[in-house]
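Each chain, written out:
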Amino acid sequence: MEQNGERIEEKNGPYEMTGESALGASGQDEQGAAKPEETDPAVLRQQLAEQTARADDYYNRLARLQADFENFRRRTRQEMESFHKYASEQLICALLPVLDNFERALAAEGDSIENFKSGVEMIHRQLKDVLTAEGLAEVQAVGQQFDPARHEAVMQAQSPEHPDNTVIEEFRRGYCLKDKVIRPAMVKVAKS
């Protein structure tokens with residue numbers, strides 16, 4: 001049977017095709033023979049050299065990227081170690097004047113308890129100012145509604161003058177650092 005310049009035998013017999021349709025996408029015909037320009041050794045050597053150069057370029061890029069990534073990891077690790085090692089440096093520097101004032105108070109001569117007490121109150125105020133500047137805040141407790149995230153109830157007491165679940169006494173002050181509760185207030189809670 002012949003169709004459009006091609007001869008095809010029926011019943012799955014051999015077939016013959018001519019023209020562009022006779023070559024597959026790989027540049028080879030159906031029997032596996034390559035096109036004449038692809039079998040030339042000079043062309044094949046040139047293609048091999050091009051592909052080898054391309055592979056070498058990819059390999060060199062990969063090696064540089066791996067080295068850059070290793071350097072980045074090492075530098076990041078060193079920065080994190082340094083950060084953790086010296087993270088409290090600013091706080092320590094801010095607390096040094098408080099320590100100096102304690103040393104001065106302890107070394108002060110005199111027998112007036114009032115002078116000593118006022119000196120300790122000034123140091124206390126200075127310490128609170130430093131901690132407040134670092135983001136420390138007191139947890140509000142007395143008169144507030146009990147909040148288990150901010151308060152730790154250690155006692156309950158009957159109290160007709162306070163609403164149920166209201167904090168009526170604080171045993172130990174609680175503190176927040178910025179938005180995080182770092183120590184809940186220890187409190188007594190009213191129950192009706």
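Caption draft 1: Highlighting the pairing of strand β9 (residues 185-191). Most of β9 sits out of view: 5 of its 7 residues are buried. Sheet topology places strand β5 (residues 151-158) next to β9; 7 bridges connect them, and they run parallel. Bridging from a neighbouring strand, Q158 pairs with K191 of β9. In this sheet, β9 lies alongside strand β6 (residues 167-172) in antiparallel orientation, the contact comprising 4 bridges. Of the residues in β9, the one forming a bridge with R172 is M186.

Caption draft 2: Representation of the sheet that holds β5 within the structure. Here we have 3 strands laid out as an open sheet, ordered β5-β9-β6, and mixed in their pairing. A strand with exactly one partner marks an edge of an open sheet, and here the two such strands are β5 and β6. On average, each strand axis in the sheet is inclined to that of its neighbour by 30°, with strand direction left out of account.

Caption draft 3: Region of the structure containing the side chain of H151. Among the secondary structure elements, H151 is positioned in strand β5. The class for H151 is buried, based on a relative accessible area of 4%. Side-chain polar atoms of H151 contact the backbone oxygen of Q140, separated by 2.9 Å. Residues within four places of H151 in sequence aside, it is in contact with V139, Q140, A141, Q144, Q145, F146, V167, P184, A185 and V187.

Caption draft 4: View of a nonpolar patch on the surface. Taken together, the side chains of L106, I113, F116 and V120 define a hydrophobic patch exposed on the protein surface, amounting to about 410 Å² of accessible area. Among the elements that line the nonpolar patch, the one with the most residues is helix α3 (residues 113-133), at 3 residues.

Caption draft 5: Representation of unusual backbone geometry within the structure. The backbone of N165 sits at a positive phi, close to 65°, despite the residue not being glycine. Mapped onto the elements of the fold, N165 is located in the loop between β5 and β6. Judged by its relative accessible area of 34%, N165 is partly exposed. For K178, which is not glycine, the phi dihedral falls at a positive 60°. By secondary structure assignment, the location of K178 is in the loop between β7 (175-177) and β8 (180-183).

Caption draft 6: Structural view of the pattern of salt bridges. On inspection of all chains with the given rule, the structure shows 8 salt bridges. Residue D57 pairs with R61 through a salt bridge whose shortest N-O separation is 3.4 Å. Residue D57 and its partner R61 are both found in helix α1 (residues 41-86); the two are separated by 4 residues, about one turn of the helix. Relative accessible area serves as the criterion here: at 46%, R61 is assigned to the partly exposed category. A salt bridge links R173 to E138, with the shortest nitrogen-to-oxygen separation between them at 3.6 Å. Taken together, the residues span a long stretch of sequence, with R173 in the loop between β6 and β7 and E138 in strand β4 (residues 136-138) at a distance of 35 residues.

Caption draft 7: Summary view of the nonpolar core. Residues V139, A141, V167, C176, A185, V187 and V189 constitute the largest nonpolar core, which totals 7 residues. No other element matches β9, which puts 3 residues into this core. Setting aside chain neighbours within four positions, we find V139 in contact with R150, H151, E170, G174, Y175, C176, R183 and A185.

The rules we used
Residues numbered from 1 in each chain as written. Predicted model: local features only at pLDDT ≥ 70, side-chain atom pairs only at ≥ 80, totals over all residues. Heavy atoms only, no water. Buried < 20%, exposed > 50% of the residue type's maximum accessible area, 1.4 Å probe, protein only. Helix = DSSP H or I, 4+ residues; strand = E, 2+ residues; numbered from the N terminus. Pairing = 2+ DSSP bridges. Axes fitted to C-alpha atoms, helices over the stretch in contact; angles between N-to-C directions. Polar contact = N/O pair within 3.5 Å; in protein donor to acceptor, adjacent residues only side chain to side chain. Contact = heavy atoms within 4.5 Å. Patch = residues over 30% accessible without salt bridge, like charges linked within 9 Å, V, L, I, M, F, W, Y side chains within 5 Å. Areas by Shrake-Rupley, 256 points an atom, 1.4 Å probe, with all protein chains shown as cover. Salt bridge = Lys/Arg side-chain N within 4 Å of Asp/Glu carboxyl O. Core = buried A, V, L, I, M, F, W, Y, C linked by side-chain atoms within 4.5 Å.

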